[in-house]
Amino acid sequence: MNSYRDANQRAWDDLVRSQSQFAKVATDEECAQPLLTLDSKGWLPGSVKGLDVLCLAAGGGWQSILYACAGARVTVVDLSAEMLALDESEARRRNLSVTLLQASMDDLSELRDSSFDIVHQPVSTCYVPRIRDVYAEVSRVLRDQGIYISQHKQPTSLQLVDRDNRNRYVIGIPYYHSDPLPAIVDTAYREAGAVEYLHRWEQLVGELCRAGFVIEDLTEPLRGDPKAKPGSFRHRGMYVAPYVRIKARRISERAAGAHPLIWIPDSEASD
Ligand SMILES: C[S@@+](CC[C@H](N)C(=O)[O-])C[C@H]1O[C@@H](n2cnc3c(N)ncnc32)[C@H](O)[C@@H]1O
């Protein structure tokens, strides 16, 4: 039933062994300015010292090490033992303390309710079929007013399957595709061996609001370069933005009731 977890655990263990660009620990230079490195947009508070931070699906020794350098109490959840081993060895090498938990982002039952001030999740919701399960868990473990920073693959990017002979990118997967995505040759924006799912905008953003969050900011990290060669990672990035980054805040049910997130006029309520 949870075969996506087994497959993705294997895929990410393999990616670590093949030294994937996503399995890179934080450098000394980055550790010298940890908050600036983590947060060029200024979404985090001025200091995270003493705050409880969950680095969700964030193994690999980058986010965890930077938050720990900035003085936060860090927990890392990841499915891949190899990714977590990087956090562990790097924390030991730098004499930092991080708590590691091998678990799936859509089942955080080993973590207590309202136990974190910040949840930081790099690109990873594509590895689970139901994003609302992840949002429900994040909402449960975050304290009231807690910050949830997450990055996701954009649906259009996951729909691309090819490039034609005029260097136009071809959409070959329906927007409403809900099964695991078929394998494609270009792995620039997909990970070899991983089982991935497309989440539509109403799921990426709508489910987040429905899980009790208000969205405070949203950006599309630039991965395009107008001078890039056709077919390259950065050429494709000029045509389709691969990622979206969202800053959301958890609000209590009482506050949500007092200030409804979405107001639907009677005339449109039946749409
Ligand atoms: C793109 S990496 C993110 C971490 C990396 N430090 C970075 O900044 O790019 C995605 C991570 O998601 C993890 N992952 C995949 N499926 C997962 C799941 N169901 N639950 C938790 N982690 C998962 C992978 O093991 C991998 O470490």
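Notes on the structure in this doc start here. (Residues numbered from 1 in each chain as written. Predicted model: local features only at pLDDT ≥ 70, side-chain atom pairs only at ≥ 80, totals over all residues. Heavy atoms only, no water.)

1. Considering the site of the ligand
So, point 1. Surrounding the ligand, one finds 18 residues, the nearest of these being Gly59, Gln63, Asp78, Ser104 and Met105.
So, point 2. Contact distances for the ligand include 2.8 Å between a nitrogen atom and a backbone N or O atom of Gly59.
So, point 3. Note that an oxygen atom of the ligand is positioned 2.6 Å from one of the side-chain N or O atoms of Asp78.
So, point 4. Computed on the free molecule, the ligand has an accessible area of 580 Å², of which 95% lies beneath the protein chains in the complex.
So, point 5. The pocket occupied by the ligand, as judged from atoms lying within 2 Å of grid points, is the largest pocket.
So, point 6. When its residues are assigned to classes, the shell around the ligand shows 12 nonpolar, five polar and one charged. (Near = heavy atom within 4 Å. Polar contact = N/O pair within 3.5 Å; in protein donor to acceptor, adjacent residues only side chain to side chain. Areas by Shrake-Rupley, 256 points an atom, 1.4 Å probe, with all protein chains shown as cover. 1 Å grid on protein atoms, 1.4 Å probe; cavity = no way out; pocket = protein on both sides within 12 Å on 5 of 7 lines; lining within 4 Å. Sits in = over half its atoms within 2 Å of the grid points. Nonpolar A, V, L, I, M, F, W, Y, C, P; charged D, E, K, R; others polar.)

2. Description of helix 8 (residues 201-210)
So, point 1. Along helix 8, the positions that sit buried rather than exposed are Gln203, Leu204, Gly206, Glu207, Leu208 and Cys209.
So, point 2. Among the residues trailing helix 8, Gly212 stands out with phi positive, at a value near 100 degrees. (Buried < 20%, exposed > 50% of the residue type's maximum accessible area, 1.4 Å probe, protein only. Helix = DSSP H or I, 4+ residues; strand = E, 2+ residues; numbered from the N terminus.)

3. A look at the environment of Asp164
So, point 1. Following the sequence through the fold, Asp164 ends up in the loop between strand 6 (160-163) and strand 7 (169-171).
So, point 2. Given a relative accessible area of 22%, Asp164 falls into the partly exposed group.
So, point 3. Separated by 24 residues in sequence, Asp164 and Arg140 place their C-alpha atoms 45 Å apart.
So, point 4. Here Arg166 takes part through its backbone nitrogen, which lies 2.8 Å from a polar atom of the side chain of Asp164.

4. Details of the side chain of Ser139
So, point 1. Here Ser139 is to be found in helix 6 (residues 131-141).
So, point 2. Those residues in contact with Ser139 that lie beyond four places of it in its chain are Ala211, Phe213 and Arg250. (Contact = heavy atoms within 4.5 Å.)

5. Observations concerning the sheet that holds strand 9 (residues 243-250)
So, point 1. Taken together, the seven strands give an open sheet; going across it, the order is 3-2-1-4-5-9-8, and neighbouring strands pair in mixed fashion. Either end of the sheet is taken by a strand with one partner, and the two such strands are strand 3 (98-102) and strand 8 (213-219). When strand polarity is set aside, the average angle formed by the axes of neighbouring strands in this sheet is 15 degrees.
So, point 2. In terms of strand pairing, strand 1 (residues 52-56) meets strand 2 (residues 73-78) through five bridges, oriented parallel. (Pairing = 2+ DSSP bridges. Axes fitted to C-alpha atoms, helices over the stretch in contact; angles between N-to-C directions.)

6. Description of the nonpolar core
So, point 1. Membership of the largest hydrophobic core comes to 39 residues, with the highest contact counts inside it found for Leu54, Leu56 and Tyr148.
So, point 2. Looking at this core, the elements with two or more residues in it are helix 1 (3-17), strand 1, strand 4 (116-121), helix 6, strand 5 (142-153), helix 8 and strand 9.
So, point 3. With six residues, the top contributor of residues to this core is helix 1.
So, point 4. When sequence neighbours within four positions are dropped, the list of residues in contact with Leu54 reads Thr75, Val77, Leu108, Leu111, Phe116, Ile118, Val119, His120 and Val141.
So, point 5. By size, the runner-up hydrophobic cluster in this structure holds 24 residues, among which are Trp43, Ala58, Ile65 and Ile147. (Core = buried A, V, L, I, M, F, W, Y, C linked by side-chain atoms within 4.5 Å.)

7. Structural notes on the environment of Val244
So, point 1. Residue placement: Val244 occurs in strand 9.
So, point 2. For Val244 and Asn167, which are 77 residues apart along the polypeptide, the C-alpha to C-alpha distance reads 24 Å.
So, point 3. Setting aside residues up to four positions removed in sequence, Val244 forms contacts with Ser150, Gln151, His152, Gln154, Trp201, Leu218, Thr219 and Pro221.

8. Brief notes about unusual backbone geometry
So, point 1. The phi angle at Ala57 is positive, at roughly 50 degrees, despite the residue not being glycine.
So, point 2. Tracing the backbone through its elements, the reader meets Ala57 in the loop between strand 1 and helix 4 (63-69).
So, point 3. Classification of Ala57 by relative accessible area gives buried; the value is 18%.
So, point 4. For Asn95, which is not a glycine, the phi torsion comes out positive at approximately 60 degrees.
So, point 5. Of note, Asn95 is situated in the loop between helix 5 (81-93) and strand 3.
So, point 6. Overall, the relative accessible area of 72% leaves Asn95 in the exposed class.

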